[in-house]
Amino acid sequence: MRTWTPPEIPELPGTGTAPKLFNTATGRLEHPAIPEGRALLYVCGITPYDATHLGHAFTYLAFDIMQRAWRDAGIETVYAQNITDIDDPLLERAHDTGVDWRDLADGQIGLFRSDMFRLGMIPPDHYVAVTERIDEIAAAVRDLLDRGFAYRVPTEGAAGEDVYFDVQGASRDSQWRLGDVAPYDRATMLEFSAERGGDPDRSGKRDPLDPLLWRAAREGEPSWESPVGVGRPGWHVECSVIATEALGGAFTVQGGGTDLVFPHHEFTAAHATALSGTPLAHAYSHAGLVGYHGHKMSKSRGNLVFVSKLLNGTHPGQTGGPADPSAIRLGLLAHHYRSEWEWQDADLETAARRLEAWRTGLERSEAARARDLAAPDDAPREERASALGVIQQLRAALANDLDTPVMLAILDAAFDRGIDQPRLVADAAHALLGVRL
Ligand code: 5CA
Ligand code: ZN
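Computed from a predicted model, the values in this text were never measured in an experiment.

Draft legend 1. The side chain of Ser240, seen in detail. Following the sequence through the fold, Ser240 ends up in helix α7 (residues 235-247). Classification of Ser240 by relative accessible area gives buried; the value is 1%. Looking at Ser240, its side chain comes within polar contact range of the main-chain oxygen of Thr268, at 3.0 Å. Filtering out sequence-adjacent residues up to four positions away, Ser240 remains in contact with Phe267, Thr268, His271 and Ala272.

Draft legend 2. Seen up close, unusual backbone geometry. Looking along the chain, the bond that leaves Ala51 and enters Thr52 is cis, with omega of -15°. One can find Thr52 in the loop between β3 (38-43) and α1 (54-72). Its identity as a non-glycine residue notwithstanding, Glu36 has a phi of 50°, on the positive side. You can see Glu36 is positioned in the loop between β2 (28-30) and β3. Note on Glu36: relative accessible area 79%, which makes it exposed. Of note, the phi angle at Asp401 is positive, near 55°, even though the residue is not glycine.

Draft legend 3. A look at α7. Taking 1.5 Å as the rise per residue, α7 with 13 residues should run 18 Å; its terminal C-alpha atoms sit 19 Å apart, in good agreement. Most of α7 is tucked away, with 10 of its 13 residues classed as buried. Buried residues of α7: His236, Val237, Glu238, Cys239, Ser240, Val241, Ile242, Ala243, Ala246 and Leu247, and no others. Within two residues after α7, Gly248 carries a phi angle of roughly 80°, on the positive side.

Draft legend 4. Molecular detail of the packing of helix α11 (residues 346-374) against helix α13 (residues 404-417). Between α11 and α13, the least distance of the axes is 8 Å, while the angle of their chain directions is 40°. When the axes of α11 and α13 are compared, the pair comes out oblique. Here α11 and α13 pass one another in a crossing that is left-handed. In this structure, α11 uses Arg354, Trp358, Gly361, Leu362 and Arg364 to contact α13, whose residues at the interface are Leu408, Leu411, Asp412, Phe415 and Asp416.

Draft legend 5. A look at the sheet that holds strand β6 (residues 150-153). Taken together, the four strands give an open sheet; going across it, the order is β6-β7-β8-β9, and neighbouring strands pair in antiparallel fashion. Looking at which strands have only one partner, the edges of the open sheet turn out to be β6 and β9 (231-233). Averaged over all pairs of adjacent strands, the angle between their axes in this sheet comes to 20°, without regard to strand direction. Inspection of the sheet shows strand β7 (residues 162-165) paired to strand β8 (residues 212-216) by two bridges, in the antiparallel sense. Looking at the pairing, Val163 lines up with Trp214 of β8.

Draft legend 6. Inspection of the domain arrangement of the protein chain at higher detail. What the domain assignment lists for the protein chain is domain 1 (21-288) and domain 2 (307-433). Each of domain 1 and domain 2 has a C-alpha centre, and the two are 35 Å apart. Opposite the 26 residues of domain 1 that make contact, domain 2 presents 28 residues. Joining domain 1 to domain 2, the criterion identifies two salt bridges. As a salt-bridge pair, Arg329 and Asp64 come within 2.6 Å of each other at their nearest N and O atoms.

How each quantity is defined
All residue numbers refer to position in the chain's written sequence, counted from 1. Working convention: letters from A go to chains and numbers from 1 go to ligands, in the order in which they are written. Restriction of local features to residues with pLDDT of at least 70 applies here, the model being predicted, together with a cutoff of 80 or more for giving and counting side-chain atom pairs; totals for whole chains, interfaces and linings are based on all residues. Side-chain figures throughout are based on the complete set of non-hydrogen atoms in the structure, without hydrogens or water. The secondary structure listing takes helices from DSSP runs of H or I that are at least 4 residues long and strands from runs of E that are at least 2 residues long, numbered from the N terminus. Three labels apply to residues, based on accessible area from a 1.4 Å probe with only protein chains included: buried if under 20% of the type maximum, exposed if over 50%, partly exposed otherwise in between. As used in this structure description, the phrase polar contact means that two N or O atoms lie within 3.5 Å; if the pair is within protein, one of them must be able to donate a hydrogen and the other to accept it, and residues adjacent in sequence are counted only when both atoms belong to side chains. Contacts: residue pairs with any heavy atoms within 4.5 Å of one another. The span you would expect from a helix comes to 1.5 Å times its residue count less one. Note on geometry: axes are lines fitted to C-alpha atoms, helical ones only across the stretch in contact, with angles between N-to-C directions running from 0 to 180 degrees. Each angle receives one of four descriptions, namely roughly parallel if under 35 degrees, roughly antiparallel if over 145, roughly perpendicular if within 65 to 115, and oblique otherwise. A clockwise turn of the near helix away from the far one marks a right-handed crossing, whereas an anticlockwise turn of less than a right angle marks a left-handed crossing. When DSSP finds two or more bridges between two strands, those strands count as paired. Per the annotation, domain bounds derive from an automatic or database assignment of domains. For salt bridges, the criterion is a side-chain nitrogen of Lys or Arg within 4 Å of an Asp or Glu carboxyl oxygen.

Encoded structure:
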């Protein structure tokens, strides 16, 4: 799939250090393995309808910052992302609105691409839609059946049979164990399975948690011919196949929002490990969920704030005209990526004021620097912050599990006080946070 033009990232003096990151699977801060000096990142992409809301943007921004941290530490990054362009909720939305599901997906992917570009997000190197990999996904399901990690379930209303993953069998006979990724007890897993696309009540399964690998064709649903019958892929296996193809096994970080910890990331890892014998990733990173009007921002509830509307100045009740993309980034970066928080409409104005204060601070420092250069002897330079010192502080906060709220506070203080080489700090805000002054 076509991506978007990468943002410009200025070079800074010196180098940062590889970030310590919280790993959901172990509950600890770690330095995940970086094979052969390249950080390999997979982040679960959108299901293309109701894109791009601020919850999506918060998650993708977290992984944009992660890549900026690695790059600043001199580490090359390889970034892969999928698009779930065939799935129940997408088909339901297409059906309800009388739009062809392909047209719905195409339009929303286009909108996402333009939102990501306007927000200055680093684009993936591998950007792959499920409909581009149906054969590979079906082959993986065939392989899981052949290895005894999957089984067929008779299906009412379909000619073929659905295929399910055998959680207990794989926990016993593969290198993966249930709970390797998600730190939840079984009751919680059952609850999340029901809420997040699973079907614990489906009869004929060996374990209620067993996830769908392949759905036999139903009347009126899109389907493909394949070695496992006519049908379409289940959800988790798409990411196992797309991630492994793009990055190989045991890559650095698998990422997404916390709503993906279970069942999605647990079973993405389960399928990949059952197929390859190696763990999917060294670490699992999750961004906290953003709420709005008292609930998690979600397509099903419809309490959404769209990035494109903020950028165009058309979010309901928005004052002050089109949002500056850097102000949107600052509004999101004011929250640590792992925190759960609620967007308030006033957050945009607060972020815009901060951006304005930084820009004014930059101008003041530049004017002072021009005066220094003109009259080197009588400038009170020692009162101004050292740009190199500020960059060092920013790097330390970034390396500490991407602590962007601390980075913003460092920059607030520096621009308020004045900076000896202000351009360097503006470049640091641009390179490390994607905020353009
Ligand atoms: N296509 C699947 C992943 S394979 C999917 O979850 N799509 S999505 O469109 O629902 O979400 C895209 C990304 O945004 C996921 O990483 C999801 O965890 C994240 N996300 C969704 N809602 C929120 C929210 N309210 N706050 C933070 N992140 C969110
Ligand atoms: Zn995924």
